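For reference, the chains in residue letters:
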Amino acid sequence: MTHPRSVCVYCGSRAGAKPSYATAAKATGAMLAARGWQLVYGAGDVGLMGEVARAAQDAGGRTFGVIPEHLFPREVGKRDLTTFVVTETMHERKKVMFMNADAVVVLPGGAGSLDELFEVLTWRQIGLHEKPIFLLNTDGYWNLLAALIDQIVGEGFADASLRDMLVMLDDVDALETALVSAFA
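Quantities reported herein were computed from a predicted structural model and do not represent experimental measurements.

Undergrad: Which parts of the structure should I look at to understand the overall build of the protein?
TA: A count of helices and strands for the protein gives 8 helices and 7 strands. Its C-alpha atoms give the protein a radius of gyration of 15 Å, within 12% of the compact-globule value 16 Å for 184 residues. Across the 184 residues that make up the protein, the buried fraction comes to 47%. A separation of at least 24 residues holds for 70% of the contacts in the protein among residues at least 6 apart in sequence. In the form shown here, the protein has an accessible surface area of approximately 9000 Å², with 53% of it arising from carbon and sulfur atoms. When the 16 basic and 22 acidic side-chain charges of the protein are each reduced to a single mean position, those positions are 4 Å apart.

Undergrad: Where do I start with the side chain of serine 6 in this structure?
TA: Along the chain, serine 6 falls in strand S1 (residues 6-10). At 2.9 Å, the side chain of serine 6 and the side chain of glutamine 38 are in polar contact.

Undergrad: Got a minute to help me understand helix H1 (residues 19-34) in this structure?
TA: Residues that lie three or four places apart on an α-helix share one face, since the helix turns once every 3.6 residues. With 16 residues, H1 should cover 22 Å at 1.5 Å per step; its first-to-last C-alpha distance of 23 Å lies within 8% of that length. What H1 keeps buried is the set Tyr21, Ala22, Ala24, Ala25, Thr28, Gly29, Met31, Leu32 and Ala33. Check the buried side of H1 and you find it contacts S1, strand S2 (38-41), helix H2 (47-58), strand S6 (133-136) and helix H8 (172-183). Of the residues flanking the end of H1, it is glycine 36, one or two places downstream, whose phi is positive at about 80°.

Undergrad: Just checking my understanding: could you explain the pattern of salt bridges for this structure?
TA: It is possible for side chains bearing opposite charge to pair when their charged atoms get close. The tally for this structure, following the rule as stated, stands at 10 salt bridges. The closest approach of N and O atoms between aspartate 102 and arginine 5, which form a salt bridge, is 3.9 Å. Of this pair, aspartate 102 sits in the loop between helix H4 (90-99) and strand S5 (103-106) while arginine 5 sits in the segment before S1; the two residues are 97 residues apart in sequence, bridging distant segments of the chain. Two residues, lysine 94 and glutamate 119, come together in a salt bridge whose shortest N-O distance is 3.5 Å. Residue lysine 94 is located in helix H4, and its partner glutamate 119 is located in helix H5 (residues 111-125); the two are separated by 25 residues in the primary sequence. Connected through shared salt-bridge partners, Lys26, Asp45, Glu51, Arg54, Lys78 and Asp80 make up one network.

Undergrad: What should I look at first to understand H2 in this one?
TA: Helix length check: H2 (12 residues) gives 17 Å between terminal C-alpha atoms against 16 Å at 1.5 Å per residue, within 8%. Where H2 is buried, its residues contact H1, S2, strand S3 (63-68), helix H3 (72-75) and H4.

Undergrad: Help me understand the sheet that holds S6 in this model?
TA: Sheet strands pair via backbone hydrogen bonds, and the direction of the pair is either parallel or antiparallel. Pairing in this open sheet of 7 strands is parallel, and the strands run S4-S3-S2-S1-S5-S6-S7 from one edge to the other. Two strands lie at the open edges of the sheet, namely strand S4 (83-87) and strand S7 (167-169), each paired on one side alone. Averaged over all pairs of adjacent strands, the angle between strand axes in this sheet comes to 20°, irrespective of strand direction. When S2 meets S3, the two strands line up parallel, connected through 3 bridges. Its bridge partner lying in S3, leucine 39 is registered against threonine 63. Its contacts with the sheet place H1 against S1, S2 and S6, and it is angled at close to 170° to S1. The sheet strands contacting H2 are S2 and S3, and the helix crosses S2 at an angle near 160°.

Undergrad: How should I be thinking about the side chain of threonine 138 in this particular structure?
TA: You can see threonine 138 is positioned in the loop between S6 and helix H6 (143-154). Residue threonine 138 is classed as buried on the basis of its relative accessible area, which comes to 7%. Residues within four places of threonine 138 in sequence aside, it is in contact with Ser20, Tyr21, Ala24, Pro108 and Asp170.

Undergrad: Help me understand the packing of aromatic side chains, please; the structure alone is not making it clear to me.
TA: To describe a pair of aromatic rings, one takes the distance between the centres and the angle between the planes. With the rule as written, the count across this model stands at 4 aromatic pairs. When the ring of tyrosine 21 is compared with that of tyrosine 141, the centres are 5.5 Å apart and the planes differ by 80°; the resulting orientation is edge-to-face. Placement of tyrosine 21 in helix H1 and of tyrosine 141 in the loop between S6 and H6 is noted, with a sequence separation of 120 residues between them. Tyrosine 21 gets classed as buried once you look at its relative accessible area, which sits at 8%. Overall, tyrosine 141 belongs to the partly exposed group, its relative accessible area being 32%. On the basis of an interplanar angle of 70° and a centroid distance of 5.2 Å, the ring pair of phenylalanine 98 and tryptophan 123 is categorised as edge-to-face. Taken together, the residues span a long stretch of sequence, with phenylalanine 98 in helix H4 and tryptophan 123 in helix H5 at a distance of 25 residues. Tryptophan 123 sits in the partly exposed class, given a relative accessible area of 23%. Above the plane of the ring of phenylalanine 98 lies lysine 131, whose end atom (NZ or CZ) is 3.9 Å from the centre.

Definitions and cut-offs
- Residues numbered from 1 in each chain as written.
- Predicted model: local features only at pLDDT ≥ 70, side-chain atom pairs only at ≥ 80, totals over all residues.
- Heavy atoms only, no water.
- Helix = DSSP H or I, 4+ residues; strand = E, 2+ residues; numbered from the N terminus.
- Rg over C-alpha atoms; globule rule 2.2 N^0.38 Å.
- Buried < 20%, exposed > 50% of the residue type's maximum accessible area, 1.4 Å probe, protein only.
- Contact = heavy atoms within 4.5 Å.
- Areas by Shrake-Rupley, 256 points an atom, 1.4 Å probe, with all protein chains shown as cover.
- Lys, Arg positive; Asp, Glu negative; His and termini not counted.
- Charge placed at Lys NZ, Arg CZ, Asp CG, Glu CD.
- Polar contact = N/O pair within 3.5 Å; in protein donor to acceptor, adjacent residues only side chain to side chain.
- Expected span 1.5 Å × (residues − 1).
- Salt bridge = Lys/Arg side-chain N within 4 Å of Asp/Glu carboxyl O.
- Pairing = 2+ DSSP bridges.
- Axes fitted to C-alpha atoms, helices over the stretch in contact; angles between N-to-C directions.
- Phe/Tyr/Trp six-rings, centres within 6.5 Å; stacked < 30°, edge-to-face > 60°.
- Lys NZ or Arg CZ within 6 Å of the ring centre and 35° of its normal.

Below, the structure written as structure tokens:
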């Protein structure tokens, strides 16, 4: 028997400027639950983090949240998760989240989401894992990042294979299809 799949979702602790970001976060949480996949995320109850977690819970899904002590007040640690882990540091948080996931999905977010993305992307680039990394490009949010990756490759700072390590998808239906394929 294979173990139930877990998907790590990195996303903003803020809602962002467009309502479509929250809509996509809710749809992502609901989709993960409908598929029987566990949500692994930063354990916050604010911004897109809160939206994805509440949607997963409302749809009966399992949730695994990891939050460092110092962010508990700022991100309003969500204690009613299936699994709730409090770490001492951000590094521990990222490690626990990544180690408990089979794939990574990045929704719109800020510097923290970029930090998480680039850490797992770097790990993949240097051969530490082969987990798929998906960017949910809601309303073109990640277009400039894609252009930056192209520039990094074009300027000779990475092999062209770096582009293939990030799969950019425009909507949650495409994300679901890509995850099903990755888990097949």
